[in-house]
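Next come the chains, spelled out residue by residue.
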Amino acid sequence: MKLDNPHIPETRITLGTRPAVHSAYLLALFFLLCLTLLPGAARAATDWSDEVVYFVLIDRFADGDRTNDRGVERRNPGGFHGGDLKGLTGQLDELADLGITALWINPVQKQITQSFYASAPAKLGIPEFRHFGFHGYWIDDFTAMEPHFGSLDDLKKLVEEAHKRHIKVLLDVVYNHAGYGSSYASRRTSDGQGWLRTGEGNCDVDPLTCAVGGLPDFRTELPEVRDYLLNANIGLAKQAGVDGFRLDTFKHIATDFWLEHRRRTREQLGKDFFLLAEYWGGTAGSLDPFFERDEIDAGFDFSFKGSCEAFANGRGRAVAYGSYLGSRHKVRKGYLLAHYLSSHDEPMALYDLNGDKDKFRICAAIQMTSIGMPVIYYGEEVARAGSEWPLNRTDMPWGERDILPGKGLARDEAMRDFYKKLLHIRHRHSALTRGDYTLLTGPKDAVLAFLRQDEQYNDSVMVLVNREDKVSEADFVAPDNWNRQPVMDDLTNIAVTTSAGHIRLTMAPRSVRIFSVSSGKVEH
């Protein structure tokens, strides 16, 4: 059964257009494209290695404009809750203070107005509910803004204010599909072909022609469809001034589309426009062909979340997990893995760890000291309550602050302080963002220990993790350049002394130590 949402005036977006080009220019572009396909010729955008990304579902974050709240159903886990672009803009100081440097927001184009009845997993105890496109992925019109999120001017203001705080903005964009029952079902090309593919298909057999989640699949192989989608998303980016795209359902569109997408984004949005792909199940190995062809700058590492949760929960040996962390460094030079603990598509990490905040802190610390581009899912830094879909999309908790929709929801300020320290440490040490990795843990060691080193800036960081529920003894060789220098625990601002070139200490249960050379009080 479908139920309509009350109408809110929408804002139109001006479509980008392809400029007329001379045949000689097209020939030049052809040769440039050929060059990008040569081994070693790929060239990524400006390095984002130092960025820490914060992912927000706009509707769940902060309500800054009550005039677009018609149809809001805050008790409905699948309904609109009232968050908008103005509300997010109003909380940028909160995010800047945390230390994030890039903001990823969900798609902002107009959503289908109808809802569908949905059922959550029985164990969650949630009755059947109506599911709307509050998340932004059920687009009905690529040339209009979703009124619940705000206007194009609101988006421009968000980007402008973020840039004032040295925060880049990644806009989530969809090319693969439209929303259920979308108006695009009636669209035809000039020669009469439908824009959408009929039938669901099998994504395991053919990921390019299947309908992901039953969503209407765009026939992006048709030039008219391709041009429309590219012009719409690139045109929106140009008007808003965003710094890059997060590319939804990347594996379900062919390489020739993404090569054309790369060419046009560079041509129309600048050579440093950043592209982060959601390739479901992606790892350093499976993403490498796309890096080699320079289709994207980064891809999500889907292995990190589960691996860290398993380690924190006591599975496997510390040395095995340490080897896994080292394998993540096998990424093509100039390209990045984006690693996360929670997302809107997977269960919350704190939930997977049975609510154990000490275990969660371990994973957060490993995330922020590992190679790649860390992604924080909104509210993780304050231990947002949540579980699996649809309760992995709960409201941002604001405690006693008068901010809807999450006013009155508990938040853990101590956890936020811990995150803030971690981000400060990451920004302070180039070794953590671009340094090499050396595993110090041996086969019989209970403590995970690894060293990150950036020789260019003579920066070294040693990370020790005790996942046990009891104290553990740590004894590891310190880097040669640490001899006769005070060694600081960056988390506590307390120094430790080295003995005969070793760092020896007793680690508290489920604890993390992050050491670097500095000055400070000596720990006894």
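Structure: above.
Being a predicted model, the structure only gives us computed values, none of them experimental. (Residues numbered from 1 in each chain as written. Predicted model: local features only at pLDDT ≥ 70, side-chain atom pairs only at ≥ 80, totals over all residues. Heavy atoms only, no water.)

**Overview of the overall build of the protein chain**
If you tally the helices and strands in the protein chain, you get 14 helices and 24 strands. Since a compact globule built from 524 residues should have a radius of gyration of about 24 Å, the 24 Å found for the protein chain is in line with a globular shape. Its C-alpha atoms put the protein chain at 80 × 60 × 45 Å along the principal axes. Sorting the 524 residues of the protein chain into buried and exposed places 57% on the buried side. Contacts spanning at least 24 positions in sequence make up 74% of the contacts within the protein chain whose residues lie at least 6 apart. For the protein chain, the accessible surface area stands at approximately 21100 Å², while carbon and sulfur atoms represent 52% of it. Charged side chains of the protein chain number 62 positive and 72 negative; the gap between the two group centres comes to 1 Å. (Helix = DSSP H or I, 4+ residues; strand = E, 2+ residues; numbered from the N terminus. Rg over C-alpha atoms; globule rule 2.2 N^0.38 Å. Buried < 20%, exposed > 50% of the residue type's maximum accessible area, 1.4 Å probe, protein only. Contact = heavy atoms within 4.5 Å. Areas by Shrake-Rupley, 256 points an atom, 1.4 Å probe, with all protein chains shown as cover. Lys, Arg positive; Asp, Glu negative; His and termini not counted. Charge placed at Lys NZ, Arg CZ, Asp CG, Glu CD.)

**Let's talk about the nonpolar core**
Counting residues in each nonpolar core, the largest one holds 133 residues, and the members touching the most others are Tyr 54 and Tyr 175. Considering every element that reaches this core, the biggest residue donor is helix α6 (residues 223-240), with nine residues. The residues contacting Tyr 175, other than those within four sequence positions of it, are Phe 218, Thr 220, Leu 229, Leu 230, Asn 233, Ile 234, Phe 245, Leu 247, Ile 253, Phe 257, Trp 258 and His 261. By size, the runner-up hydrophobic cluster in this structure holds 15 residues, among which are Ala 449, Trp 482, Met 507 and Phe 515. (Core = buried A, V, L, I, M, F, W, Y, C linked by side-chain atoms within 4.5 Å.)

**With respect to unusual backbone geometry**
Across the junction of Trp 389 and Pro 390, the peptide omega takes the value 5°, indicating a cis bond. Residues Leu 404 and Pro 405 are joined by a peptide bond in cis, for which omega reads 5°. Structurally, Pro 405 is set in the loop between β15 (373-377) and α13 (413-428). We note that Asn 354 has phi near 60°; this positive angle belongs to a residue other than glycine. Within the element layout of this structure, Asn 354 appears in the loop between α11 (349-352) and α12 (357-368). Look at Asn 493: it is not a glycine, yet its phi comes out positive at around 60°. Relative to the helices and strands, Asn 493 is located in the loop between β20 (487-489) and β21 (494-496). With relative accessibility at 51%, the residue Asn 493 sits in the exposed group.

**Here we look at helix α7 (residues 255-269)**
The end-to-end C-alpha separation of α7 is 20 Å, in line with the 21 Å expected for 15 residues at 1.5 Å each. Buried within α7 we find Phe 257, Trp 258, Leu 259, Glu 260, His 261, Arg 262, Arg 264, Thr 265, Arg 266 and Gln 268. Of the residues trailing α7, Gly 270 is marked for its positive phi of about 110°. (Expected span 1.5 Å × (residues − 1).)

**Description of α13**
Side chains three or four residues apart in an α-helix point the same way, a direct result of the helix having 3.6 residues per turn. Helix length check: α13 (16 residues) gives 22 Å between terminal C-alpha atoms against 22 Å at 1.5 Å per residue, within 8%. Every buried residue of α13 is accounted for by Met 415, Arg 416, Phe 418, Tyr 419, Leu 422, Leu 423, Ile 425 and Arg 426. Summarising the contacts, the buried residues of α13 are in contact with α4 (92-98), α12, β15, α14 (430-434) and β23 (511-517).

**Thoughts on the pattern of salt bridges**
Counted according to the given criterion, the structure contains 50 salt bridges. Glu 94 is paired through a salt bridge with Arg 411; the nearest N and O atoms lie 2.9 Å apart. Of this pair, Glu 94 sits in helix α4 while Arg 411 sits in the loop between β15 and α13; the two residues are 317 residues apart in sequence, bridging distant segments of the chain. This pair shows no difference in class: Glu 94 is buried, exactly as Arg 411 is. (Salt bridge = Lys/Arg side-chain N within 4 Å of Asp/Glu carboxyl O.)

**Comments concerning the sheet that holds strand β8 (residues 168-173)**
For sheets, the rule is that strands pair by backbone hydrogen bonds, running either parallel or antiparallel. One closed barrel holds the eight strands; their spatial order is β2-β3-β8-β11-β12-β13-β14-β15, and the pairing between them is parallel. Averaged over all neighbouring strand pairs, the angle between strand axes comes to 25°, with direction disregarded. In this structure, strand β12 (residues 274-277) lies alongside strand β13 (residues 298-301), joined through two bridges in parallel fashion. Within β13, the residue paired with Ala 277 across the bridge is Gly 299. (Pairing = 2+ DSSP bridges. Axes fitted to C-alpha atoms, helices over the stretch in contact; angles between N-to-C directions.)

**Let's talk about the state of the cysteines**
Taken as a whole, this structure holds two disulfides when the rule is applied. Between the sulfur atoms of Cys 203 and its disulfide mate Cys 210 the distance is 2.0 Å. On the S-S bond that ties Cys 203 to Cys 210, the torsion sits near 95°, and the link is right-handed. By relative accessible area, which is 28% here, Cys 203 ends up partly exposed. Bridging Cys 308 to Cys 363, the disulfide has an S-S length of 2.5 Å. The S-S bond linking Cys 308 to Cys 363 shows a torsion near -120°; that makes this disulfide left-handed. Of the two residues, Cys 308 sits in helix α9 (residues 303-312) while Cys 363 sits in helix α12, which places them 55 residues apart along the sequence. In this pair, the class of Cys 308 matches that of Cys 363, namely buried. Ordering the disulfide-forming cysteines of the protein chain by sequence position, one finds them joined as 1-2, 3-4. (Disulfide = S-S within 2.5 Å.)

**Considering the environment of Gly 213**
Its place among the elements puts Gly 213 in the loop between β9 (196-197) and β10 (217-218). Note on Gly 213: relative accessible area 59%, which makes it exposed. Separated by 33 residues in sequence, Gly 213 and Tyr 180 place their C-alpha atoms 9.9 Å apart.

**Details of the environment of Ala 211**
Positionally, Ala 211 belongs in the loop between β9 and β10. Assessed through its relative accessible area of 9%, Ala 211 is described here as buried. C-alpha of Ala 211 to C-alpha of Arg 75: the two residues are 136 residues apart in sequence and 30 Å apart in space. Look past the residues within four positions of Ala 211 in its chain and what remains in contact with it is Gly 199, Glu 200 and Asp 217.

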